[in-house]
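Notes for the structure review
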Amino acid sequence: MSFQDDVWLWNHAALKVVDARRAVIQPGDSLRAHQLTAGSFLCTVQGKARIRLGDVQYQAGPYHICHAGKGSSFAVDSVQEALEYYLLQYKATLALPCREELLRLQQKRDPFQRAHSFTPRYPLSLFGTIRQLHEKWQKASMLDRLHAKALLHQFVYEWLQQRQEQAEEPTPQSLVDKAIRLIEEQFSEKMTLHALASQVGCQERQLQRLFKAALAVGPMEYLLRVRVEKAKELLLKLNVPLMHIAESVGFSDSYYFSRLFKKYVGISPSQFRKMAGQLELCRQNPSRLSLSFIGGKHVPLYSITDENGSHSQQGTAVAAPASTALLAHRSKRAKQADAEEGVAKATSKRIRHLRGELELDRLIERIAVLDYQYIDQMYALGHLPVGSVFATTSLSGLPEYLGEKMSAIKRLGTKDHPDLTAIAELSPELIVCTDTHAHLYDELVAIAPTVMLDRNDDWRTTLPVLGKMLGKEQEAQHVIDAYNQKIVHLKDAIAAKLGGKTVSLIRPRDNMIRLHTTAHRTARILYRDLGIAPPPMAMDSKRTSSYIQLDAMAELNADHLFVLQDDTNAALTSAYQESAVWRSLGVVKANHVRTFDTTMWIGFYGPVAINRVVDEIADALLS
């Protein structure tokens, strides 16, 4: 069947919206296989996961569109980065009477049933339409539903149009060549991976992959190298302050510029300029006394670290006698330099993280965090970040239990959509992100030194890392020790009271129920720290959660039920609790259901919040 046949059938079909929903699946979670009840478009906004549609599977990334017919099996697993998607379900029928040719064409190979997947070259228009359709559908008025139906026709048109236009794709090499030209022309301007990919005409991940295949580095890494090379040229030509050099090659922070320059060249910009100037002086006046070096030896001009970590040095030999006064002056300067180097070594910290190591030669004050759990953890150490993303599950977005100090923290977007412009304007000394932001890492490094942590790590693992950054390793250990002592006593009391009875932790969302398993970091407080027994359905060492239907709650059969509720799922939770299925559950009849705040229990994952969570657990089970 040709593409034009598809268009012909779509054109003659009566289309109707059946449902439109938005969902987010976190790393480690999955969506169990179930049959689609209507023709469906799955539109991924961001993230990375494996999507199974019938017998076919796709490795989906941001702005990916899949289509499948009614009755197809649908599942999501192998979620590497939080997957945000829209699921648009529709019904398409050929209104009778219609031409027999159309019916025969549909029977031959039905486009409304066929699985299809592609990444649109220009996703903003398509995803703007699906976002607006979802909003109209959720309002549920007759007029809004009519608008949603019109938007479905618009979406199908744009989807078919872009599929047709993408019949001829540009070659990988042409995309890389165009990106290189743009970088070398615009290196001094603010540049993000998203903006560069848009100018080139491809997806961010595609450009990242092609660049690394061609040059062994990503586009943002290449940009940094171009800026450093341009800076070397300016340092040799112009006798202006380093801040001016930094700004002229695209850096707003001269301190970060100096650190980056030393990383790539091996010495600081000041040393590079000084040593290069001395080499030029000796070349023009070979008989003149050296002002820097004593005795005959090979003098390095600068050190370059190549991509394999090997080093090479360039220099010249300079020999000259020196007076006693000059020797004394040099000795004094050398001692001073040694003292400064000793202080730097004393404060130097090597921070291991998911992208390698970062060496900090001083204590950091201005830290921007891209996960709000680190607000709580830093607060426990007596420090607050200058900026943070905010939670979407609560109206405040920041932990109110930490007091009025939260108002001083600049908001930097959300965890899933950090505001890179706001981060750059904040001029942080350090950025702390998680593996959720792996696709943004190059852009973050271009703003400031960046440490990437595992979002699902136990807070007792990340707190010492933050303590090391802040020079508060002992304080971090004291906080951990106090928590461990607290739960030892509580664990015995709960065991004596429950006598082996089970507790389950659930969160209604996305028209289903999310069951937190023994692998989930918050559920581990119940099952590992406090030794509470989980129901069999919650026992899973790999996935942090799974989705179940309301009618599966009887099978869960927990003795105590902890329900997580927030501003985003209050209506759904209420609807479930008012249903006959919910009221028939034994745990509900026994009045063993307690409701807790999602953001406190899951979002602000640090010692202050966790101690409060433990207190709430004790109150629920021991009172």
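Above this text is the structure in question.
Residues numbered from 1 in each chain as written. Predicted model: local features only at pLDDT ≥ 70, side-chain atom pairs only at ≥ 80, totals over all residues. Heavy atoms only, no water.

1. As for the nonpolar core
Spelled out, the test is: Joining through side-chain atoms within 4.5 Å is the link that ties buried Ala, Val, Leu, Ile, Met, Phe, Trp, Tyr and Cys residues into a set, and such a set is a nonpolar core. Note on exposure labels: buried denotes an accessible area under 20% of the residue type's maximum, exposed denotes more than 50%, and partly exposed covers the range between, all computed with a 1.4 Å probe on protein chains only. Only heavy atoms enter the contact rule, under which two residues are in contact if any of them lie within 4.5 Å.
Counting 132 residues, the largest nonpolar core has Met553, Phe562, Trp601 and Ile617 as the members making the most contacts within it. With near-sequence residues (within four places) excluded, Met553 lies in contact with Ile506, Ile513, Ile548, Leu561, Trp582 and Leu585. If you look at the next biggest cluster of nonpolar residues, it comprises 32 residues, including Tyr63, Tyr86, Leu94 and Leu151.

2. Remarks on the sheet that holds strand 16 (residues 450–453)
Worth spelling out the cut-off: Here a strand pair is declared whenever DSSP counts at least two bridges between the two strands. To qualify as a helix, a DSSP run of H or I must reach at least 4 residues; to qualify as a strand, a run of E must reach at least 2; elements of each kind are numbered from the N terminus. Inter-axis angles, ranging from 0 to 180 degrees, are taken between N-to-C directions of lines fitted to C-alpha atoms, where helices are fitted over the stretch in contact.
Ordered in space as 14-13-12-15-16, the 5 strands form an open sheet in which the pairing is parallel. A single partner strand is all that each edge strand has here, and the edge strands are strand 14 (410–414) and strand 16. Between one strand axis and the next, the sheet turns through 20 degrees on average, direction left out of account. Two strands pair when backbone bridges link them, and strand 15 (residues 430–434) and strand 16 are joined in this way by 4 bridges, in the parallel orientation. Residue pairing across strands places Thr434 opposite Leu453, the latter belonging to strand 16. Lying over the sheet, helix 13 (residues 373–380) contacts strand 12 (367–369), strand 13 (387–390), strand 15 and strand 16, oriented at roughly 140 degrees with respect to strand 12. Most of the contacts of helix 16 (residues 459–470) go to strand 16, to which it runs at about 165 degrees, and overall it touches strand 12, strand 15 and strand 16.

3. Digging into the environment of Leu124
Here Leu124 shows up in helix 3 (residues 123–139). Of the residues examined, Leu124 reaches a relative accessible area of 60% and is grouped as exposed. Counting along the chain gives 61 residues from Leu124 to Tyr63, while the straight-line C-alpha distance between them is 8.6 Å.

4. Structural notes on the packing of aromatic side chains
So the rule is basically this: Within 6.5 Å between ring centres, the rings of Phe, Tyr and Trp (the latter by its six-membered ring) count as paired, and their orientation is classed by plane angle as stacked under 30 degrees, edge-to-face over 60, tilted in between. Placement of a positive charge over a ring is assigned whenever Lys NZ or Arg CZ falls within 6 Å of the ring centre and within 35 degrees of the normal to the ring plane.
Inspection of every chain in the model, using the stated rule, returns 17 aromatic pairs. For the ring pair Trp10 and Phe41, a centre distance of 6.3 Å and an interplane angle of 35 degrees mean the geometry is tilted. In this pair, Trp10 is assigned in helix 1 (residues 3–12) and Phe41 in strand 3 (residues 39–53), connecting sequence segments 31 residues apart. The two residues Trp10 and Phe41 agree in class, both being buried. Aromatic rings pair up to connect Trp10, Phe41, Tyr90, Phe112, Phe155 and Trp159 into one cluster. Arg411 extends its terminal NZ or CZ atom over the ring of Phe390, reaching a point 5.1 Å from the ring centre.

5. Describing the sheet that holds strand 20 (residues 560–565)
Spatially, 5 strands are ordered 19-18-17-20-21 in an open sheet, and the strand pairing comes out mixed. Both edges of this open sheet fall to strand 19 (545–548) and strand 21 (593–597), since each of them pairs with a single strand only. The average angle at which neighbouring strand axes cross in this sheet is 30 degrees, direction not considered. Across 4 bridges, the pairing between strand 17 (residues 503–509) and strand 18 (residues 512–516) is antiparallel.

6. Regarding unusual backbone geometry
Located in the positive-phi region is Ser78, a residue other than glycine, with phi close to 50 degrees. By secondary structure assignment, the location of Ser78 is in strand 6 (residues 73–94). A residue is classified by how much of its surface remains accessible, and Ser78, at 37% relative accessible area, is partly exposed. Within the chain, Ser427 stands out as a residue other than glycine whose phi angle is a positive 50 degrees. Counting through the fold element by element, Ser427 comes out in the loop between helix 14 (420–426) and strand 15.

7. Observations regarding the side chain of Thr462
Using the following cut-off: As used in this structure description, the phrase polar contact means that two N or O atoms lie within 3.5 Å; if the pair is within protein, one of them must be able to donate a hydrogen and the other to accept it, and residues adjacent in sequence are counted only when both atoms belong to side chains.
For Thr462, the location among the structural elements is in helix 16. A distance of 2.7 Å separates a polar atom in the side chain of Thr462 from a polar atom in the side chain of Gln377. Apart from the residues lying within four places of it in its own chain, the contact partners of Thr462 are Tyr374, Gln377, Leu453 and Asp457.

8. With respect to helix 16
Definition in use: A helix is expected to span 1.5 Å for every residue after the first. By definition, the arc is the one covered by directions from the helix axis to the C-beta atoms.
Given a rise of 1.5 Å per residue, 12 residues ought to cover 16 Å, and the 16 Å separating the end C-alpha atoms of helix 16 matches this to within 8%. Within the span of helix 16, buried status applies to Trp459, Arg460, Thr462, Leu463, Leu466, Gly467, Met469 and Leu470. Viewed along the axis of helix 16, the buried residues span an arc of 165 degrees, placing them on a single side of the element. Two or three places before Arg460, at the start of helix 16, stands the capping residue Asp458, its side-chain oxygen 2.7 Å from that residue's backbone nitrogen. Of the residues trailing helix 16, Gly471 is marked for its positive phi of about 70 degrees.

9. Considering the side chain of Thr573
Position of Thr573 among the secondary structure elements: in helix 20 (residues 570–577). A relative accessible area of 1% means that Thr573 is categorised as buried. What Thr573 contacts, discounting residues up to four positions off in sequence, is Pro508, Val563 and Gln565.

10. Focus on a positive patch on the surface
Stated precisely, the cut-off is as follows: Like-charged residues within 9 Å of one another, or nonpolar side chains (Val, Leu, Ile, Met, Phe, Trp, Tyr) within 5 Å, are grouped into patches, provided each residue has over 30% relative accessible area and no salt bridge. Accessible surface is estimated by sampling points in the Shrake-Rupley manner with a 1.4 Å probe; for residues, cover comes only from the protein chains shown. Salt bridges, as used here, are contacts in which a Lys or Arg side-chain nitrogen is within 4 Å of a carboxyl oxygen on Asp or Glu. Note that His is not counted, nor are the chain ends; the positive residues are Lys and Arg, and the negative ones are Asp and Glu. Charge positions come from single atoms, namely NZ of Lys, CZ of Arg, CG of Asp or CD of Glu.
Side chains of Lys16, Lys70, Lys91 and Lys149 sit close together on the surface and give a patch of like positive charge. For Lys70, the location among the structural elements is in the loop between strand 5 (64–68) and strand 6. Residue classification places Lys70 among the exposed positions, given a relative accessible area of 55%.

11. Focus: the pattern of salt bridges
Here the structure, examined in full by the defined rule, presents 25 salt bridges. Of the charged contacts, one joins Arg514 and Asp29 as a salt bridge, the two residues approaching to 2.0 Å between their closest N and O atoms. With Arg514 in strand 18 and Asp29 in the loop between strand 1 (13–25) and strand 2 (31–35), this pair connects stretches of sequence that are 485 residues apart. Asp29 shares its class with Arg514; the two are buried. Asp619 is the salt-bridge partner of Arg594, the closest N and O atoms lying 3.3 Å from each other. With a gap of 25 residues between them, Arg594 in strand 21 and Asp619 in helix 24 (residues 607–622) connect regions that are remote in the sequence.

12. Points about the pairing of strand 20
Within strand 20, 5 of the 6 residues are buried, leaving the element largely enclosed by the surrounding structure. In this structure, strand 17 lies alongside strand 20, joined through 4 bridges in parallel fashion. Looking across to strand 20, one finds that Ser504 is bridged to Leu561.

13. Some remarks on the pairing of strand 6
Burial within strand 6 is extensive, with 17 of its 22 residues counted as buried. Across 12 bridges, strand 1 lies against strand 6 in antiparallel orientation. Within strand 6, the residue paired with Asp19 across the bridge is Gln89. Relative to strand 6, strand 3 runs antiparallel, the two being bridged by 12 bridges. Bridging across to strand 6, Thr44 finds its partner in Tyr85.

Any link to function would need more than the numbers given here.
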